[in-house]
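Coordinates in review
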Amino acid sequence: MMIAAKAETGTFEVVTENPDDTMRLGSLLGEILPPGFFVALVGSLGAGKTLLAKGLARGLGVEDVREVTSPSFVLVNEYRGRFPVYHLDLYRLDSYAEVEGIGWDELVSGPGVTLVEWADKVGEDLPEERIEVHLQWVSEEGRRLVFSGKGGKGRTLIEELKHKWEKER
Ligand code: ADP
Ligand code: MG
């Protein structure tokens, strides 16, 4: 039997109409992320990955989110929230060997939340339990954000996010 158009569990698509909404979405998700969770931020330059990371950091309890900037040159920024928050930007990454050089395995398996811009650069080798956010430019102030939870916990988190967001609308 066919079940008519029901949004897939663990995925959530929103078109935000301004930067504040993107920030707010990040913050709502940050509030519910458990320690050790991995978030992949995927999308072209200017899509809003860093802004979403700022929101996530706020929700994770980082007090001064002005320190949340693209860590392109240092590769990893660390912030103090409810637990450590690692923010990576792999834009300039040339090879997988480089990511191993920065202690990827330790970052990913540790107790900190890991937020990774351009995570698609490392290919398939991402934690099974994770959240992926694909961001896309729609218009000057419009961005399409597609959240998908991978793994049981990831899917539950996205369902929770959807609920929190809709409650505010
Ligand atoms: P990325 O890290 O993906 O390169 P940034 O987050 O650094 O992108 O930049 C996104 C830019 O787009 C910011 O200047 C932000 O103010 C702007 N912007 C405009 N509308 C939005 C929106 N709805 N969501 C996110 N960013 C937006
Ligand atoms: Mg960025």
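Residues numbered from 1 in each chain as written. Chains lettered and ligands numbered in written order. Predicted model: local features only at pLDDT ≥ 70, side-chain atom pairs only at ≥ 80, totals over all residues. Heavy atoms only, no water.

**Describing the pattern of salt bridges**
Counted under the stated rule, the structure contains seven salt bridges. The partner of E132 in a salt bridge is R130, and the shortest N-O contact between them spans 2.9 Å. Take E132 and R130: they sit in the same class, and that class is buried. With a shortest N-O distance of 3.3 Å, K162 and E159 are connected by a salt bridge. Note that K162 and E159 are positioned in helix 5 (residues 151–168) at a spacing of three residues, about one turn of the helix. (Salt bridge = Lys/Arg side-chain N within 4 Å of Asp/Glu carboxyl O. Buried < 20%, exposed > 50% of the residue type's maximum accessible area, 1.4 Å probe, protein only. Helix = DSSP H or I, 4+ residues; strand = E, 2+ residues; numbered from the N terminus.)

**Looking at the environment of E124**
Its location among the elements puts E124 in the loop between strand 5 (113–117) and strand 6 (130–139). Between the C-alpha atom of E124 and that of K162, which follows or precedes it by 38 residues, the distance is 26 Å.

**Observations regarding the coordination of the magnesium ion (ligand 2)**
The textbook angles at a metal center are 109.5 degrees for a tetrahedron of four donors and 90 or 180 degrees for an octahedron of six. The protein atoms that coordinate the magnesium ion (ligand 2) are T50 (OG1), S70 (OG) and E117 (OE), at distances of 2.1 to 2.5 Å. Sequence positions of the residues that donate to the magnesium ion (ligand 2) give the spacing T-x19-S-x46-E. With S70 in the loop between helix 2 (49–59) and strand 3 (76–80) and E117 in strand 5, this residue pair connects regions lying 47 residues apart in the sequence. The class for E117 is buried, based on a relative accessible area of 2%. (Donors = N, O, S within 2.8 Å, 3.2 Å for Na, K, Ca; no water.)

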